[in-house]
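# Analysis of the macromolecular model
Chain residues, written in single-letter form:
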Amino acid sequence: MVVFALFVISKAGGLIYNREFHSGLIKLSSNDLLMLAGSFHGMHAITKQLCPTPPTSANTSGNTVLAPSPFVSRPTGIEVLETSHFRVQCFQTQTGTKFLLFTEPQQPNIDSMMRKIYELYADFVMKNPFYTVEMPIRCEKFDRGLDGFVKVRS
Amino acid sequence: MVLYAFYIFDRHTECIYSKRWTPRPASSGKTRPHSGSSITTNGDAAPTRKPMSDSDDQKLIFGLVFSLRNMVQKLGGEDDTFLSYRTAEYKLHYYETPTRMKFVMLTDTKQNNLRPYLHQIWANLYVEYVVKNPLAPVEHPGGIGVANELFERGLETFIMAVLPA
């Protein structure tokens, strides 16, 4: 069980948080990381465009739809990217923030990990009164929460 | 098992073969009026652009796999290879030959990695019927010489045999 790194990309495509837990990926300068985050943001948008089927609306399963969903059903972009050395799980929140989790190729339970990380983000970043949205995340409690969580897992 | 599309790109970024099994979805231009506030939108541009043609798709896919491949090599080292990505709607499989030809297949999301099959398509069909064809040009500008009858039929039977619907 190895988690290499976590990136958080703002809805504008800027890298607002990056954290390395295990070495394994090539070390990149912060400029390169910013470029990478920006290009991933663009590629994510392209993968939405390329969708070969019309998106299935989430609330067509039941016949009795009580209220229309406030969110337009759009195709999602990249969710999982696999390479021979690592695997990237991408989770996009409703507000467009993207969480990228770099793990080993055979990592199990990434979904639950992602949910936990999102929870930590909601608790310690979004509820932090001194945090400005879309700005780089510098919250000690978030760092510590991630550390504790990832160390327990690995 | 659903196959959506298959593309071959040569080393000059050109799409030399493409096959779609499903028609492009009519891009529904229904947009809701957006409020201009940047806090409430989630960064997605409103889908108001004109619908894309097949050649636009090909260029987008080439650009996409090219940048993904570069990103993967930057992060994982020179010997790392990009295999596939998955969205909620489809999965893209990728295979690159040593001569930088790129084979791309779009399928539904439940498909396992198709890299071995893409390799077989290259080795058993492309090399046999296109490269060894004395009448085919060395390069394939505009896809000349690729979509010959033997290759098409071979591809069809191969897909029928190894990827049953």
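The shown structure was predicted, so the numbers you read here are calculated from the model rather than taken from an experiment.

Here we take up the interface of chain A and chain B. Every contact between the two is made by 40 residues of chain A and, on the other side, 41 residues of chain B. In this assembly, chain A packs against chain B so that about 3700 Å² is buried in total across both faces, 61% of it on carbon and sulfur atoms. Applying the counting rule to chain A against chain B returns two salt bridges. Put simply, Lys 91 of chain B and Glu 82 of chain A hold a salt bridge, and the shortest N to O gap is 4.0 Å. Counting across the chain A and chain B interface gives 13 residue pairs in polar contact (both at pLDDT 80 or more). Those elements that place two or more of their residues in the side of chain A that touches chain B are helix H1 (30–49) and strand S3 (80–83) of chain A. Looking at side-chain class alone, the side of chain A that touches chain B contains 22 nonpolar, 12 polar and six charged residues. Looking at chain direction, S3 of chain A and strand S3 (residues 82–86) of chain B are connected through four bridges and run antiparallel. Bridge pairing in S3 of chain B places Thr 83 of chain A opposite Phe 82 of chain B.

All names here are of chain A. Alignment of strand S1 (residues 3–9) against strand S2 (residues 15–20), held across five bridges, turns out to be antiparallel. By the bridge assignment, Ala 5 is partnered in S2 with Glu 20. Linking S1 to S2, which pair antiparallel, is a turn of five residues; within it Gly 13 sits at a positive phi near 95°.

Conventions adopted
- Residues numbered from 1 in each chain as written.
- Chains lettered and ligands numbered in written order.
- Predicted model: local features only at pLDDT ≥ 70, side-chain atom pairs only at ≥ 80, totals over all residues.
- Heavy atoms only, no water.
- Contact = heavy atoms within 4.5 Å.
- Buried area = accessible area lost by both parts, 1.4 Å probe.
- Salt bridge = Lys/Arg side-chain N within 4 Å of Asp/Glu carboxyl O.
- Polar contact = N/O pair within 3.5 Å; in protein donor to acceptor, adjacent residues only side chain to side chain.
- Helix = DSSP H or I, 4+ residues; strand = E, 2+ residues; numbered from the N terminus.
- Nonpolar A, V, L, I, M, F, W, Y, C, P; charged D, E, K, R; others polar.
- Pairing = 2+ DSSP bridges.

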